[in-house]
Amino acid sequence: MAIKNNIILTGFMGTGKTTVGKLLAQRLQRPFTDTDAFIVERDGRSIAQIFAEDGEETFRNWERTVSLELAQQQGLIIATGGRLMLDKENAEALAASGPVFCLTAVPETILARVQDDEKRPLLNVPSPAERIAQLLEMRRSGYGRFPQISTDGKTAAQVADEIVLAVGD
Ligand code: S3P
């Protein structure tokens, strides 16, 4: 694959986008960017704080800004926030900059991975299991537009290997 392409990871919270993305960046010797971390750095507040103080829309506006900006760059491995690529404009911009892979996991795996993690305001609810099922259902067709890679029962290194094979780098 030409070095100029970005590689973009999407998928639900807890599917391992950041962990796999960092490994992938090491393997391919490319810079790694995580859109959530990028937003936190730019805004100066945590995602939970942005949601609590300004509301979700402010966070989604940040996602739009960073998507358009990162789409102008080349050679990056980009782990995106769980809903970022479900927005048409974000997806069009980033998908034009390189291949997109959607990491998946069954709800039980997701719950185990995100439990006790207060960084995800959408799952900071009395019944995260129900919320995960609900959000997965709402997002099913959106995620379904991208090539899927299951992460259940695999190490992050195995998932990164699959992506390396898929991009032929
Ligand atoms: C979100 C996922 C989070 C973060 C925000 C909203 C979502 O990213 O962007 O809390 O709507 O799915 P991760 O998928 O990296 O947890």
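Quick note: structure is the one above.
To keep things clear, this report deals only with the structure shown in the data block. (Residues numbered from 1 in each chain as written. Predicted model: local features only at pLDDT ≥ 70, side-chain atom pairs only at ≥ 80, totals over all residues. Heavy atoms only, no water.)

## Points about the site of the ligand
And step 1. Around the ligand, a shell composed of 14 residues is seen, among which Lys-17, Asp-36, Arg-60, Arg-120 and Arg-139 lie nearest.
And step 2. A distance of 2.6 Å is found between an oxygen atom of the ligand and a side-chain nitrogen or oxygen belonging to Lys-17.
And step 3. The separation between an oxygen atom of the ligand and a polar side-chain atom of Arg-60 is 2.8 Å.
And step 4. Taking 390 Å² as the accessible area of the ligand by itself, protein coverage stands at 96%.
And step 5. When residues in the shell around the ligand are grouped by element, the largest group, three residues, is from helix 4 (residues 56–71).
And step 6. Across the shell around the ligand, the residue classes break down as five nonpolar, two polar and seven charged. (Near = heavy atom within 4 Å. Polar contact = N/O pair within 3.5 Å; in protein donor to acceptor, adjacent residues only side chain to side chain. Areas by Shrake-Rupley, 256 points an atom, 1.4 Å probe, with all protein chains shown as cover. Helix = DSSP H or I, 4+ residues; strand = E, 2+ residues; numbered from the N terminus. Nonpolar A, V, L, I, M, F, W, Y, C, P; charged D, E, K, R; others polar.)

## Some remarks on the pattern of salt bridges
Any two side chains of opposite charge can pair if their charged atoms end up close together.
And step 1. Using the criterion set out here, one finds 14 salt bridges in the structure.
And step 2. Glu-69 is the partner of Arg-42 in a salt bridge, and the nearest nitrogen-oxygen pair spans 2.6 Å. Within this pair, whereas Arg-42 is found in helix 2 (residues 35–43), its partner Glu-69 is found in helix 4, the two being separated by 27 residues in sequence.
And step 3. Residues Arg-64 and Asp-87 are paired through a salt bridge, measuring 2.7 Å at the closest nitrogen-oxygen approach. One end of the pair, Arg-64, is in helix 4; the other, Asp-87, is in the loop between strand 3 (77–79) and helix 5 (88–95), and 23 residues separate them in sequence.
And step 4. When salt bridges that share partners are traced, they join Asp-43, Arg-45, Glu-53 and Asp-54 into one network. (Salt bridge = Lys/Arg side-chain N within 4 Å of Asp/Glu carboxyl O.)

## Here's the deal with unusual backbone geometry
And step 1. A positive phi angle, near 55 degrees, is found at Gln-29, a position not held by glycine.
And step 2. Considering the arrangement of structural elements, one finds Gln-29 in the loop between helix 1 (17–28) and strand 2 (32–34).
And step 3. Taking the relative accessible area as the measure of exposure, Gln-29 reaches 73% and is therefore exposed. (Buried < 20%, exposed > 50% of the residue type's maximum accessible area, 1.4 Å probe, protein only.)

## As for the packing of helix 1 against helix 8 (residues 156–167)
And step 1. Their axes nearest at 9 Å, the elements helix 1 and helix 8 cross at an angle of 55 degrees. Taken together, helix 1 and helix 8 sit at an angle that is classed as oblique. By crossing handedness, the relation of helix 1 to helix 8 is classed as right-handed. Of helix 8, the residues touching helix 1 (which contributes Thr-19, Val-20, Leu-23, Leu-24, Arg-27 and Leu-28) are Ala-156, Ala-157, Val-159, Ala-160, Asp-161, Ile-163 and Val-164.
And step 2. Taken together, the residues of the contact of helix 1 with helix 8 sort by class into ten nonpolar, one polar and two charged. (Axes fitted to C-alpha atoms, helices over the stretch in contact; angles between N-to-C directions. Parallel < 35°, antiparallel > 145°, perpendicular 65-115°, else oblique. Left-handed = near helix turned anticlockwise from the far one by under 90°. Contact = heavy atoms within 4.5 Å.)

## Points about the pairing of strand 1 (residues 7–11)
And step 1. Taken across its five residues, strand 1 has five buried, putting it largely inside the fold.
And step 2. Here strand 1 shows two buried faces, one formed by Ile-7, Leu-9 and Gly-11 and the other by Ile-8 and Thr-10.
And step 3. Of the pairings in the sheet, the one linking strand 1 to strand 3 comprises three bridges and is parallel in character. Across the sheet, the residue bridging to Ile-8 is Ile-78, located in strand 3.
And step 4. As judged from the four bridges shared by strand 1 and strand 4 (residues 100–104), these two strands associate in the parallel manner. Bridging from a neighbouring strand, Leu-9 pairs with Phe-101 of strand 4. (Pairing = 2+ DSSP bridges.)

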